[in-house]
Amino acid sequence: MKPALLSFCFLIFTSTAFAQAPPDTDIFVFDMKEKKGKITLSNGKNVTNRSGYDNQPVFFNNDYIMFSSHIDGQNDIMILDLYDDKLTNLTNTKESEYSPFPVPGYGSFATIRVEADNTQRLWMFQMNGKKEPQVVFEDLAPVGYFAWNTDNDVLMFVLGRPATLVLANANEVDDKIITKNIGRTIKLIPGTKDFAFERREENGDNIIYRLDASTKTFDAVIKKPEGGSDWVISQEGTYITSSGTKLWMYNPKNDKTWKELTDLGDQGKKGITRMAINAKNKRLAVVINN
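Residues numbered from 1 in each chain as written. Predicted model: local features only at pLDDT ≥ 70, side-chain atom pairs only at ≥ 80, totals over all residues. Heavy atoms only, no water.

Caption draft 1: Inspection of the overall build of the protein chain at higher detail. Helix and strand content of the protein chain: one helix and 24 strands. Here the C-alpha atoms of the protein chain give a radius of gyration of 18 Å, agreeing with the 19 Å that 2.2 N^0.38 yields for 290 residues. Taken over the C-alpha atoms alone, the protein chain extends approximately 45 × 40 × 35 Å along its principal axes. Within the protein chain, buried positions represent 53% of all 290 residues. For the protein chain, contacts bridging at least 24 residues in sequence account for 41% of all contacts bridging at least 6. Here the protein chain has roughly 14000 Å² of accessible surface; of this, 48% comes from carbon and sulfur atoms. Of note, the protein chain has its 35 positive side-chain charges centred 5 Å away from the centre of its 37 negative side-chain charges. (Helix = DSSP H or I, 4+ residues; strand = E, 2+ residues; numbered from the N terminus. Rg over C-alpha atoms; globule rule 2.2 N^0.38 Å. Buried < 20%, exposed > 50% of the residue type's maximum accessible area, 1.4 Å probe, protein only. Contact = heavy atoms within 4.5 Å. Areas by Shrake-Rupley, 256 points an atom, 1.4 Å probe, with all protein chains shown as cover. Lys, Arg positive; Asp, Glu negative; His and termini not counted. Charge placed at Lys NZ, Arg CZ, Asp CG, Glu CD.)

Caption draft 2: Representation of the sheet that holds strand E10 (residues 134–135) within the structure. In spatial order, the strands read E7-E8-E9-E10; together these four strands make up an open sheet with antiparallel pairing. For this open sheet the edge positions go to strand E7 (96–103) and E10, each flanked by a neighbour on one side alone. As defined by bridge partners, strand E9 (residues 120–126) adjoins E10 across two bridges and the pair is classed as antiparallel. Residue pairing for E10: Trp123 is matched across the bridge by Val135. (Pairing = 2+ DSSP bridges.)

Caption draft 3: Fine view of the layout of surface pockets. Looking at the largest pocket, its volume works out to about 970 Å³. Val58, Phe59, Phe101, Pro102 and Ile277 are, among the 41 residues lining the largest pocket, the residues nearest its centre. Secondary structure elements with two or more residues in the lining of the largest pocket: strand E3 (54–60), E7, strand E11 (143–148), strand E15 (182–188), strand E19 (231–233) and strand E23 (272–277). Per-class residue counts for the lining of the largest pocket are 24 nonpolar, 13 polar and four charged. (1 Å grid on protein atoms, 1.4 Å probe; cavity = no way out; pocket = protein on both sides within 12 Å on 5 of 7 lines; lining within 4 Å. Points joined across faces, edges and corners; volume = space filled by probe spheres on them. Nonpolar A, V, L, I, M, F, W, Y, C, P; charged D, E, K, R; others polar.)

Caption draft 4: Examining the environment of Ser99 more closely. Position of Ser99 relative to the elements: it lies in strand E7. Placed 48 residues apart in sequence, Ser99 and Ala147 show a C-alpha to C-alpha distance of 9.6 Å. Among all residues touching Ser99, those that are not within four sequence positions of it are Gln56, Ser68, Ala110, Thr111, Ile112, Gly144, Tyr145 and Phe146.

Caption draft 5: Broad picture of the pairing of strand E6 (residues 86–89). Bridging between strand E5 (residues 74–81) and E6 involves four bridges; their strand directions are antiparallel. By the bridge assignment, Met78 is partnered in E6 with Asn89. Counted between consecutive antiparallel strands, the loop separating E5 from E6 contains four residues, among which Asp85 sits at a positive phi close to 55°.

Caption draft 6: Representation of the nonpolar core within the structure. Counting residues in hydrophobic clusters, the biggest one holds 45 residues, and the most contacted among them are Met66, Leu122, Phe137, Phe146, Trp148, Leu155 and Met156. Here this core takes five residues from strand E12 (residues 153–158), the largest share from any one element. Sequence-distant contacts of Trp148, defined by excluding residues within four places in its chain, comprise Phe101, Val103, Pro104, Ala110, Leu122, Met124, Val136, Asp153, Val154, Ala170, Leu188 and Phe195. Grouped together as the second largest cluster of nonpolar side chains are 16 residues, Phe30, Leu247, Leu261 and Val286 included. (Core = buried A, V, L, I, M, F, W, Y, C linked by side-chain atoms within 4.5 Å.)

Caption draft 7: Geometry of the packing of aromatic side chains. What the rule picks out here adds up to eight aromatic pairs. Of the aromatic side chains, those joined through ring pairs into one cluster are Phe197, Tyr209 and Phe218. Of note, Arg113 hangs over the ring of Trp123, and the distance from its end group to the ring centre comes to 4.7 Å. Sitting over the ring of Tyr83, Arg283 keeps its end group 5.4 Å from the ring centre. (Phe/Tyr/Trp six-rings, centres within 6.5 Å; stacked < 30°, edge-to-face > 60°. Lys NZ or Arg CZ within 6 Å of the ring centre and 35° of its normal.)

Structure follows, in structure tokens:
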């Protein structure tokens, strides 16, 4: 089907949500080791450490972390050099940008931009800022979350009632609705062109699925733990999620169910949400509510 702008009522719903004051969150980065699907964490550090919203982390070139930050009433995309502790504003626009994701092979990143009329679309920015940003899918909105593979396939959470999972290609004009009633976490599976997403079933279970980008078919991976939040996938294929103050891990090759990774205790008692792992599988970023 051709991309179609969703109804105006969904845009109102979305823009209202973004207009609310964002939560007070910080990004913590842990050193990570993994062997045969078993993970250990150490040396957790608060790398944002300020009052306000710092969220939606993603690693860039292993030692940099990109994230969305609320500054002076709107959101910009920041990048932090973890070695030099140098912070740079990559967008610095009057619009708000969310959910950054490095575009493979292009020296650029994609982000959700809330435009002047509150339309939410996917935009591409050059890392060096020398070219003007461009909208990726002209008529596809409102987009909430997404992931991008090396074939320029983009899997997107498109807001609506219900929210739908849409697969499109940045070089083509068509898109395909994969399924509906999805959760906000969408990930590129490391070392592949396939994606993972979650869907809420009729019985209330939240199931993580693997989507084959070529066949557009998907299979269940595992049910999320009770109260499970966002999740991420390691370079060895291990899924990590949070529930309460604990982090949990599951490796499809080695495990039958989720296993406790660590308990963050008081540090995580207000909520643990989004996560990211760097390409070297050496660092885990975790968003924690203050």
